[in-house]
Amino acid sequence: MSGDVLTTASTFTCQSQGIVKPDPKPRHPLTVNDKSVVIGKDFVGLTVAGCLKQNQPPAAKTCVNVVSRVSSSGGVLTVNGGAEVLTTDGFTGATDGIIPPVTPQDPPTGGALSATADQSFLKGA
């Protein structure tokens, strides 16, 4: 089963409650509840607001920017000549934040993004 289609009204957060907001203006011809669907390119150059992680380099760093390609594995729905619409299924992305290791043997990890859809009407496939 495919995940819910993500829109500009969906919630995108880092692991420390920071929020990433895609441009709310309709960018794509497909909308759900009058909100544009989102694709990976919509996250290029976006910043993270409100990350609660303490900035203590090099062990920990507050999330500021989206740094990796945002993608999902949720289906075959496309817009604008083939750009895959993002869904909650397999959603991946990262920020420039650093999370300290749990134990000294563990490496520090980056700030992963998560997504929660604002709707459940439209699925990825």
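Residues numbered from 1 in each chain as written. Predicted model: local features only at pLDDT ≥ 70, side-chain atom pairs only at ≥ 80, totals over all residues. Heavy atoms only, no water.

**What to know about the pattern of salt bridges**
Item 1. Under the defined criterion, the tally for this structure stands at three salt bridges.
Item 2. The closest approach of N and O atoms between Arg-27 and Asp-42, which form a salt bridge, is 3.3 Å. Here Arg-27, found in the loop between strand S2 (19–20) and strand S3 (31–32), pairs with Asp-42, found in the loop between strand S4 (35–36) and strand S5 (78–79); they are 15 residues apart in sequence, far enough to count as distant.
Item 3. Of the residues examined, Asp-42 reaches a relative accessible area of 6% and is grouped as buried.
Item 4. Among the salt bridges present, the one from Lys-61 reaches Asp-96, with a minimum N-O distance of 3.2 Å. Here the residue Lys-61 occupies a position in the loop between S4 and S5, and Asp-96 occupies one in strand S7 (residues 94–99), the gap between them amounting to 35 residues. (Salt bridge = Lys/Arg side-chain N within 4 Å of Asp/Glu carboxyl O. Helix = DSSP H or I, 4+ residues; strand = E, 2+ residues; numbered from the N terminus. Buried < 20%, exposed > 50% of the residue type's maximum accessible area, 1.4 Å probe, protein only.)

**Section: the nonpolar core**
Item 1. Counting 16 residues, the largest nonpolar core has Phe-12, Val-20, Phe-43 and Phe-91 as its most contacted members.
Item 2. With near-sequence residues (within four places) excluded, Val-20 lies in contact with Phe-12, Phe-43, Leu-46, Thr-47, Val-48, Val-66 and Leu-113.
Item 3. Grouped together as the second largest cluster of nonpolar side chains are six residues, Val-32, Val-37, Ile-39 and Val-85 included. (Core = buried A, V, L, I, M, F, W, Y, C linked by side-chain atoms within 4.5 Å. Contact = heavy atoms within 4.5 Å.)

**Topic: unusual backbone geometry**
Item 1. Even without a glycine there, the phi angle at Gln-17 is positive, about 70 degrees.
Item 2. Classification of Gln-17 by relative accessible area gives exposed; the value is 57%.
Item 3. Of note, the phi angle at Asp-34 is positive, near 65 degrees, even though the residue is not glycine.
Item 4. Here Asp-34 shows up in the loop between S3 and S4.

**Let's talk about the environment of Asn-80**
Item 1. By the element assignment, Asn-80 lies in the loop between S5 and strand S6 (83–84).
Item 2. Excluding its chain neighbours within four sequence positions, the residues that come into contact with Asn-80 are Arg-27, His-28 and Pro-29.

**Points about the sheet that holds S2**
Item 1. Here three strands make up an open sheet; going across it, the order is S2-S1-S9 and the pairing antiparallel. Across the chains shown, the open sheet's two edge strands, defined by having one partner strand only, are S2 and strand S9 (114–116).
Item 2. Relative to S2, strand S1 (residues 11–13) runs antiparallel, the two being bridged by two bridges. Residue pairing across strands places Phe-12 opposite Val-20, the latter belonging to S2. (Pairing = 2+ DSSP bridges.)

**Some details on the packing of aromatic side chains**
Item 1. Counted under the stated rule, the structure contains three aromatic pairs.
Item 2. Taken together, a centroid distance of 5.0 Å and an interplanar angle of 75 degrees make the contact between Phe-12 and Phe-43 edge-to-face. Linking Phe-12 in strand S1 with Phe-43 in the loop between S4 and S5, this pair joins segments that are 31 residues apart in sequence. Summarising the burial analysis for this pair, Phe-12 and Phe-43 share the class buried.
Item 3. An aromatic cluster is built from Phe-12, Phe-43 and Phe-91, whose rings are joined through pairwise contacts. (Phe/Tyr/Trp six-rings, centres within 6.5 Å; stacked < 30°, edge-to-face > 60°.)

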